[in-house]
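# Chain and residue survey
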Amino acid sequence: MTDSLAQWRHWTGQPFDTDGPVVVPGALVPVHCSLAHDHAAYVEPNVWVHHPLG
């Protein structure tokens, strides 16, 4: 999930004023903040497993 820093500030109440990972309470992983690009991205890790059915 990506959006502007202003939107992330609104959603979380966090300042998002430094580049890099930002810990957001309740999130599974930190949110990556980019001041230069004025956006932050949240990506939860996952694993895909293929199970043959036949």
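Before reading on, note that the structure itself is shown above.
Summary of the structure given here. Being a predicted model, the structure only gives us computed values, none of them experimental.

Here Ser 34 is to be found in strand β3 (residues 31-34). Excluding its chain neighbours within four sequence positions, the residues that come into contact with Ser 34 are Leu 5, Asp 19 and His 39.

Quick look at the environment of Leu 35 now. As for its placement among the helices and strands, Leu 35 is situated in the loop between β3 and β4 (39-41). The exposure class of Leu 35 is partly exposed, given its relative accessible area of 36%. As for Leu 35 and Asp 3, which are separated by 32 residues in sequence, their C-alpha atoms are 12 Å apart. Setting aside its immediate chain neighbours within four residues, Leu 35 contacts Leu 5, Phe 16, Asp 17, Thr 18 and Asp 19.

Here we take up the packing of aromatic side chains. Under the criterion given, the structure shown has two aromatic pairs. Of the aromatic side chains, those joined through ring pairs into one cluster are Trp 8, Trp 11 and Phe 16.

Definitions and cut-offs
- Residues numbered from 1 in each chain as written.
- Predicted model: local features only at pLDDT ≥ 70, side-chain atom pairs only at ≥ 80, totals over all residues.
- Heavy atoms only, no water.
- Helix = DSSP H or I, 4+ residues; strand = E, 2+ residues; numbered from the N terminus.
- Contact = heavy atoms within 4.5 Å.
- Buried < 20%, exposed > 50% of the residue type's maximum accessible area, 1.4 Å probe, protein only.
- Phe/Tyr/Trp six-rings, centres within 6.5 Å; stacked < 30°, edge-to-face > 60°.

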